[in-house]
Structure formats: structure tokens, C-alpha cells
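Report on the structure
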There are 2 protein chains.
Amino acid sequence: MDAENIVIKKIAILGGTGKEGKGLAYRWAKAGYQIIIGSRNKEKADVAVFELKGILGNQFEITGATNPEAAQAGDVVVMTVPFGVHKEMLESLKPYVAGKIFIDVSVPLVPPKVTKVQMPAAGSAAQEAQQILGENAQVVSAFQNISYEHLLNDKELECDVLVCGSGKPARMIALELVKAAGLVGWDAGPLENSVVVEGLTSVLIGLNKQFGVQAAGIRITGIPRPK
Amino acid sequence: MDAENIVIKKIAILGGTGKEGKGLAYRWAKAGYQIIIGSRNKEKADVAVFELKGILGNQFEITGATNPEAAQAGDVVVMTVPFGVHKEMLESLKPYVAGKIFIDVSVPLVPPKVTKVQMPAAGSAAQEAQQILGENAQVVSAFQNISYEHLLNDKELECDVLVCGSGKPARMIALELVKAAGLVGWDAGPLENSVVVEGLTSVLIGLNKQFGVQAAGIRITGIPRPK
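Report on the accompanying structure. Along every chain, residues carry numbers that run from 1 in the direction the sequence is written. Going through the entries in the order they are written, you letter the chains from A and number the ligands from 1. At least 70 in pLDDT is required for a residue's local features to be given in this predicted model, at least 80 for side-chain atom pairs to be given and counted, and no such filter applies to totals for whole chains, interfaces and linings, which use all residues. Hydrogens are left out, water is left out, and the side-chain values use all remaining heavy atoms of the structure.

Describing the interface of chain A and chain B
For the record, the criterion: Between two residues, a contact is recorded if the distance between any of their heavy atoms is within 4.5 Å. Simply put, the buried area is the total loss of 1.4 Å probe accessible area from both parts when two parts are fitted together. Each reported salt bridge corresponds to a side-chain nitrogen of Lys or Arg within 4 Å of a carboxyl oxygen of Asp or Glu. Pairs of N or O atoms are called polar contacts if they sit within 3.5 Å, as long as, within protein, a hydrogen donor faces a hydrogen acceptor (for residues adjacent in sequence, only side-chain-to-side-chain pairs). Each helix is a run of DSSP H or I of at least 4 residues and each strand a run of E of at least 2, with the numbering of both proceeding from the N terminus. Each residue receives one of three labels: charged for Asp, Glu, Lys and Arg, nonpolar for Ala, Val, Leu, Ile, Met, Phe, Trp, Tyr, Cys and Pro, and polar for the others, Gly being one of them. Pairing between strands requires that DSSP locate at least two bridges from one strand to the other.
Taken together, the contact pairs 32 residues of chain A with 32 residues of chain B. Where chain A abuts chain B, roughly 2700 Å² becomes buried across the two surfaces, and 68% of that area is made up of carbon and sulfur atoms. Between the two partners, chain A and chain B, sit 2 salt bridges. Among the ionic pairs, B:Glu192 bridges to A:Lys116, the shortest N-O distance being 3.8 Å. Connecting chain A to chain B are 13 residue pairs in polar contact (both at pLDDT 80 or more). With 9 residues, helix H7 (residues 194-211) of chain A is the largest single contributor of residues to the side of chain A that touches chain B. Tallied by class, residues from the side of chain A that touches chain B come to 19 nonpolar, 7 polar and 6 charged. Of the pairings in the sheet, the one linking strand E9 (residues 217-221) of chain A to strand E9 (residues 217-221) of chain B comprises 5 bridges and is antiparallel in character. The residue bridging A:Arg219 from the neighbouring strand is B:Arg219, located in E9(B).

Some remarks on the nonpolar core
Nonpolar side chains in soluble globular proteins tend to be buried together. Worth spelling out the cut-off: Residues belong to one nonpolar core when they are buried, are Ala, Val, Leu, Ile, Met, Phe, Trp, Tyr or Cys, and are joined through side-chain atoms within 4.5 Å. To sort residues, take the accessible area from a 1.4 Å probe on protein chains only and compare it with the maximum for the residue type: under 20% means buried, over 50% means exposed, and anything in between is partly exposed.
With 113 residues, the main nonpolar core has A:Trp28, B:Trp28 and B:Ile103 as its most contacted residues. With residues near it in sequence (within four places) discarded, B:Trp28 still touches B:Ile11, B:Ile13, B:Tyr33, B:Ile35, B:Val78, B:Phe143, B:Leu177, B:Ala180 and B:Ala181.

As for the sheet that holds strand E1 (residues 10-14) of chain A
Residue and element names in this part refer to chain A. This is how it is decided: Working convention: axes come from line fits to C-alpha atoms, limited for helices to the stretch in contact. Angles between N-to-C directions cover 0 to 180 degrees.
What the 8 strands build is an open sheet, ordered E3-E2-E1-E4-E5-E6-E7-E8; its pairing is mixed. The open sheet has two free edges, formed respectively by strand E3 (62-66) and strand E8 (185-187), since each of these has just one partner strand. Adjacent strand axes in the sheet meet at a mean angle of 25° when their direction is disregarded. As paired strands, strand E5 (residues 101-104) and strand E6 (residues 138-141) are joined by 4 bridges and run parallel to one another. Counted as the bridge partner of Ile101 is Gln138 from E6. Strands in contact with helix H2 (residues 42-56) are strand E2 (34-39) and E3; relative to E3, the strand with the most contacts, it is inclined by about 170°.

Remember, this is a structural readout, not a statement about activity or role.
Have a look at this one:
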């Protein structure tokens, strides 16, 4: 795969019926991408499509599919599922994502101590994804720190997105999608760095609890902000 | 040890002859704390004291000592040393820090790939410190993301400080010292979360390189900023 020559038109969002997935679908559809919402259950995917079209209007290209169908159809595959099904989902998706950029939005929260960083044996959810999918897919991690409450509208978000991944070209493509979603993204380096970004979600949940808020986030400082 | 009843007057800064250590000493001395600069070599510590008094004036209580002497004298012990000597320093300090709060500023950077997160077997530098010092010392980690260039003056810093540590009372004391240094600090949870903050330094160094700056930092958003 040569990430530099990939043109992204169709974005598959697996686990796209959840709040995070719908929020990303909303923003990317508005930015002109074709969206395929994937779910275990095609009917659930169709319900999410119906909801999104209700908000956005029927002119937008959003379709529903099973997760494997969605993965096959997408130029890029985005996965947003609870960590409890992370491994299982990845194993079932492996045949369908070869040669693709795979954006993992998962955060390895382990209840009940979700404010304590607890990474899987691979080092992070993103590294676990790369281990399972193999070298043929390029795993990138992103969007783990964004509160889903703030995606399904057009408000400016106060939280930056840190993008980690194997290979600069794959990170650049993910950063394009971050920008298309109306967010500010930063190249946070190799996939090994994903532990920082995933773990930051536990820190932010802890701060939400301490301060009784829902939207603690982070911003990179000391660098002129990109437009 | 009962961290809630500890009153901090004397701060020992081990490895205090480095830029980070001197910067913290400068800010805490101005805030009214007695400072003991520790070094392997008492003469080097005295040189740092001389430099600091040259900037601050002779009325400030700053003295030099060997690291063990400094550790014994401090109400709280702060260590800022290169990661290469982290383990060895901790082992030599163990007899002198029992019952104290030990603030570890170390970042496990492993050259040449300092932009890639590479944690020690314990999980993070702070967890390694706790393992070596044992349960009798309370390890807190803080200040790992602050560029030392910005400490040795009175400018407002754009980078927040995330404080991790065993026990809320110990974190609260560290947060007091963060505030005394003129910085905004946040309780980032248990010591296990230190991997996030330590690893963030690698991400920030990567951003510094990408953008040709020296002071990439982070700020917590979505919560009213403390005064």
C-alpha cells in the first residue's frame, strides 16, 4: 500500500451506530465524504442512517451496512467500539481491511476504574489493532479524547486531536480527516505513542469527575494554531 | 506518613544543578520556600546556589548539599535527573527519603528515538521510583512537560502541569508546589497514569521538531481555569 496515493472518498465507520460514530459521520458527511455506517446488525446501521439524514437532509450520501461490508467498501476504515469487543471485532474484520488505513478510536477503559490507565498487553489499543490486523493494514489512532457530546453539531470543539500511527503518510491522511471534521489535529508520532493519547482519556474522565463537567479536553500550546 | 499534616518549608531539589532544577529552585525560592540544591558533588551544588543568588539576591535561603544530605533535609524531595541515572540515584537515595513525598520529574527518554514513547519495565519512571523507594515514600510525578527554558524567569507559562501520584493528599501537596511555581496544575490521578504525562514529553518533542519551536506544551480545556 502506498498511502501517499490514496484518495479518500468513502469513509466506513464501524460501530457507527454509537454516539461517537454518528458524530464523526455527521461531520464528515457535511465535509463531502460518502459515509458507510457499519454495525453488527444491518438494521441498526439503517436506523442510524435514518437519524443522520433526519438531521442533515436526504441529499447526503450515507448508507448502512454490516461491519464487514462497510470495511470492504470504505477507502478508509474507522472503528469506534467499546473496548470489551475490540479484539473480537478486529479478528472478524481482518480479511476486509487489507491494504487500508484503519483508524482506531478505541480507548482501553477497564471498569470500574476508568480513571486509571490500564493498557492491554500489546501496549495500547492501537498496537493491539496493528498486531491483530498485521502489517498489511496501516493502523492510526485518533479522536480518543473527544467527548462525543460535542461532535453531533457544528460548534467549535475545544479539544485537539493527537494522531499516532505507523508511517507519516497514513498519519497525514488521518490528519486530513481530522481537519475535515472541523477539529485541530497534530502528528503525535509512531503508534507506540498511542498509549499517551488513549491514557489521556482516563485522565480527562478523572478531571470531568473532579470538576463536575463533561468536556475536559486538551490543547497543544506553544505552536501557532493551524487554520 | 500522613501527607495531610505535612507542612512544606524546605524543598530539596536533587540534580538541582541542571536547568530544570535551577528553574524550579528560582520559582520556589521567590515563593518563600527554603531551597536545598542537591548534587553528587557539593561544589557543583554551591556553584548553582551562587548563580541563583546572583539572579535572585542574597536574601533568599538557598543552600547547596550532596544529594543524600539534601534529601534528608527537605520536607519534600524533588528529583530532576537524566533518565540514564534514574535507577542508580533512587537506589542511593532510598535510605534518606523514608516518610517523605518524593516528586519525580524524570522522563524516560531513550536516545536516539526520543520522540517515541519508551517506558521502563515498571510502566513509567514514576512507577520505577515507587518500586525502588518502597511503600514508605510517596512518589508523585510532575513537571515533565515543562520546557526548562521557561522556568528561570517570571513569564507566564503556556503549559499546564499534570500531577500523578499515590494518594490524593500527596498529589494535593504537589499541586500546591505547582501553584507556588506560578503554574496551573491538575490532579491527573494515580501513579499508573504517569505513563501518559511522561510519554507526552516525547509527543511534545516531536511537535517541537516538526514546527521548529522549543516550547510545545499542553493545556487542559473545558474546565474553568483555576486562579
